[in-house]
Amino acid sequence: MEQQSLESNDCIEDIINRYSNMVYRLAFAQMRNKTDADDIFQEVFMRYLKKKPEFQSEEHGKAWFLRVTVNCSKKFWAAAWRKRAEVLEESVIFESEQERELSYELKKLPVKYRVVIHLFYYEDLSIEKISQILKRKPSTVRTQLTRGRRMLKELLEEEYHV
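The text that follows walks through the structure, step by step, so that each part is easy to find. As the structure is a prediction and not an experimental result, all values here were calculated from the model.

A few words on the layout of surface pockets. Considering only enclosed or pocket space, the second largest pocket measures out at about 210 Å³ in volume. Every residue lining the second largest pocket is counted, ten residues in all, and those nearest its centre are Cys11, Ile15, Tyr48, Pro53 and Glu54. Looking at the lining of the second largest pocket, the element that brings in the most residues is helix H1 (residues 2-31), giving five residues. Along the lines of polarity and charge, the residues of the lining of the second largest pocket split into six nonpolar, one polar and three charged.

This is the structure:
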């Protein structure tokens, strides 16, 4: 019996190690600060531990974690207390100055554009996969991606006077 629980703990640890960076990056992109991203990260993995879903493939697991992260973020933003709270500005340590600047500009985009851009560029998902995860039509995702890119370009041009 003890051997079985040890094996399941190893499996849980493997799952957490496999998806932790992806979940945290998306949570941070959604929440815009480290403290709230930490809360979302913890909530996502608590839901995993409670439900213990069986994944049919790596892609299925990735989609599940991305969907739960998006749902937890939406729930967080919708909370009544959240609307009255003040956000403390924090940032994540980035590898380069360019990544930091891009992250800063991405934070200025509305959530619906930010999440689509994050999933497309950082998680390397197709428009079809993003539409499934976000439960939006592929044409909506395409439009949001185009608008998000345009808004980001305008922000960058404004910031750097290009």
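Still to come is the rest of the account.
A few words now on the environment of Met22. With respect to the helices and strands, Met22 occurs in helix H1. Distance from Met22 to Thr69, taken between C-alpha atoms, is 9.7 Å for residues 47 residues apart in sequence. The contact partners of Met22, leaving out residues within four places of it in the chain, are Lys62, Phe65, Leu66 and Glu123.

Cut-off values and rules
- By convention here, each chain's residues receive numbers from 1 onward along its written sequence.
- Given that this is a predicted model, residues contribute local features only at a pLDDT of at least 70 and side-chain atom pairs are listed and counted only at 80 or more, while totals for whole chains, interfaces and linings are drawn from all residues.
- To get the side-chain values, all heavy atoms of the structure are used, and hydrogens and water are removed first.
- Of the grid points, spaced at 1 Å and generated over the protein atoms alone, those admitting a 1.4 Å probe that cannot get out make up cavities, while open sets with protein on both sides within 12 Å along at least five of seven lines make up pockets; any residue with an atom within 4 Å of a point is treated as lining.
- Grid points are joined across faces, edges and corners, and a volume is the space filled by probe spheres set on the points.
- For helices the rule is a DSSP run of H or I covering at least 4 residues; for strands it is a run of E covering at least 2, with both sets numbered from the N terminus onward.
- Gly falls in the polar group here, along with every residue not listed as nonpolar (Ala, Val, Leu, Ile, Met, Phe, Trp, Tyr, Cys, Pro) or charged (Asp, Glu, Lys, Arg).
- Note on contacts: a residue pair is in contact if any heavy atoms of the two residues lie within 4.5 Å.

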